2 protein chains.
Amino acid sequence: MNVREMRHADCMDLLSKSSLGRLACCKGNIPYLVPIQFRYAENRIRSFSLAGQKIEWMRANPNVCLEVEHFVSRHQWKCLLVQGQFQEQATQEQRDYAWSVLQEDNDWWEPGALKPNSPNVGDQNKPVYYTIAIDSITGREALGV
Amino acid sequence: MNVREMRHADCMDLLSKSSLGRLACCKGNIPYLVPIQFRYAENRIRSFSLAGQKIEWMRANPNVCLEVEHFVSRHQWKCLLVQGQFQEQATQEQRDYAWSVLQEDNDWWEPGALKPNSPNVGDQNKPVYYTIAIDSITGREALGV
C-alpha cells in the first residue's frame, strides 16, 4: 500500500470539507475521546456540546487532539490529526456568533454529547460553544494498491 | 432522537463484532488518538502496531480509551467507549499467540500505524503486539427518530 504524508493544503482541504471527527482530551493521565460534529471556519474548528465529562475535562486541560478520516477503501483513505487548544466561547456575543456560523450546517448529530434521558431543565441542556485553535495539523493518505 | 445507555451485553456484542476503532492515549497533558484495527478475544482487545508515537506513549502511560462506532444513520447509531490498560506482549510466546489470534482476521489495514516511506530495515518494521485489558465499557445508542 502506498502511504504518504499529506500536504498541508490537502489537510486543510479535507478539514474544510469534513464535519465529523473524534475529539480526544485527557485529565491527569487518563485519555478520553468522543465523536463530534464540527465546522471549520476562519482558521478555527468550531463546535458545541452539552455539559458533561468532555467539557469538564477540556476546561481543566485545554489540550485536545481531533482526528478526521475520509475512507474510500482499505487501500484508499486519508486520516488527519489536529493538535490544538480548546477555547470556550463564553460571552453572549461569542455564543451568538458561534451559533450563526454553526447553523449554516445545521444538521447536527453529535452522539457523544447527547445526554440520554436528561431532564429538560437547567444548565445541563444549555449548549457550550467552543473553538479549537489549531497548533498543528498532519495527515497521512493511502493512494491505492 | 431517542438516545439511551447501552446495556453491558450489547456493548460486548458490538465490541465482539467490530474490528475498527479509535484509540486515544496521552503523555503529560497532551492527548493523541489514531484509528486502529483490533480483535476482541478472551476478554481482551488485541492489536498490533509498528513502533511510533502511539507505542512510545502507551509504554510511558498505559491508560487508553478505545472508541467504537456503529453508524446506520444520524438517528440510529451505537457508540461505545472502553477505558483500559495497554499491555505489551513482549515474550516470543506471547507474540506467537497474538499472531495466531490476530491472523484469524487478517485483512489488516491500520492507517494510523503505517509508516509512510519508512526504510524496510531494523526495529521500526517489527510489529509491536499488545492487548488492552478492559477496566470499563460504556455505550450510547440512538434508536431512531
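Residues numbered from 1 in each chain as written. Chains lettered and ligands numbered in written order. Predicted model: local features only at pLDDT ≥ 70, side-chain atom pairs only at ≥ 80, totals over all residues. Heavy atoms only, no water.

### Concerning the overall build of chain A
- Scanning chain A from terminus to terminus reveals three helices and eight strands.
- In chain A, the succession of α and β elements from N to C terminus is β-α-β-β-β-β-α-β-β-α-β.
- Scored against the burial criterion, the 145 residues of chain A give a buried share of 51%.
- Surface exposure of chain A reaches about 6800 Å², of which carbon and sulfur atoms provide 47%. (Helix = DSSP H or I, 4+ residues; strand = E, 2+ residues; numbered from the N terminus. Buried < 20%, exposed > 50% of the residue type's maximum accessible area, 1.4 Å probe, protein only. Areas by Shrake-Rupley, 256 points an atom, 1.4 Å probe, with all protein chains shown as cover.)

### Describing helix H2 (residues 53-60) of chain A
All names here are of chain A.
- Turning to H2, its buried residues number three or more, namely Lys 54, Ile 55, Trp 57 and Met 58. Buried residues of H2, seen end-on, are gathered within an arc of 165° and therefore sit on one face of the element. Turned more than 90 degrees away from the buried face of H2, the exposed residues are Glu 56 and Ala 60.
- Along its buried surface, H2 packs onto strand S2 (20-27), strand S3 (30-37), strand S5 (44-49), strand S6 (63-73), strand S7 (76-88) and strand S8 (128-143). (Arc of directions from axis to C-beta. Contact = heavy atoms within 4.5 Å.)

### Describing the confidence of the model for chain A
Residue and element names in this part refer to chain A.
- Mean pLDDT over chain A: 86, with 84% of residues reaching 70 or higher.
- A low-confidence stretch, residues 111-116 (pLDDT under 50), is modelled with 23 contacts involving residues beyond four sequence positions or located in other chains.
- Reported confidence for the predicted complex is 0.86 by ipTM and 0.88 by pTM. (pLDDT = per-residue confidence, 0-100.)

### What about unusual backbone geometry?
All names here are of chain A.
- Non-glycine residue Glu 42 carries a positive phi angle of around 55°.
- The class for Glu 42 is exposed, based on a relative accessible area of 54%.
- Backbone geometry places Asn 43, a non-glycine residue, at a positive phi of 70°.
- Structurally, Asn 43 can be placed in the loop between strand S4 (39-41) and S5.
- Asn 43 sits in the exposed class, given a relative accessible area of 52%.

### Quick notes on the environment of Ala 24 of chain B
- Tracing the sequence through the fold places Ala 24 of chain B in strand S2 (residues 20-27).
- Judged by its relative accessible area of 0%, Ala 24 of chain B is buried.
- Taking the C-alpha atoms as reference points, Ala 24 of chain B and Ile 134 of chain B, separated by 110 residues in sequence, lie 14 Å from one another.
- Beyond its immediate sequence surroundings of up to four residues, Ala 24 of chain B is in contact with Ala 24, Pro 31 and Leu 33 of chain A together with Tyr 32, Leu 33, Asn 63, Val 64 and Cys 65 of chain B.

### Some thoughts on the pairing of S5 of chain A
Residue and element names in this part refer to chain A.
- Of all six residues in S5, five are buried, a share of seventy percent or more.
- As defined by bridge partners, S4 adjoins S5 across three bridges and the pair is classed as antiparallel. Bridge assignment links Tyr 40 to a residue of S5, and that residue is Ile 45.
- Remark: two residues form the turn of the hairpin made by S4 and S5, two consecutive strands paired antiparallel; Glu 42 in that turn has positive phi of roughly 55°. (Pairing = 2+ DSSP bridges.)

### Some thoughts on the nonpolar core
- In this structure, Leu 15 and Leu 66 of chain A together with Leu 15 and Leu 66 of chain B are the most contacted members of the largest nonpolar core, which totals 60 residues.
- Apart from residues lying up to four places away in sequence, Leu 15 of chain A is in contact with Phe 38, Tyr 40, Ile 45, Leu 66, Val 68, Leu 80, Val 82, Ile 134 and Ile 137 of chain A. (Core = buried A, V, L, I, M, F, W, Y, C linked by side-chain atoms within 4.5 Å.)

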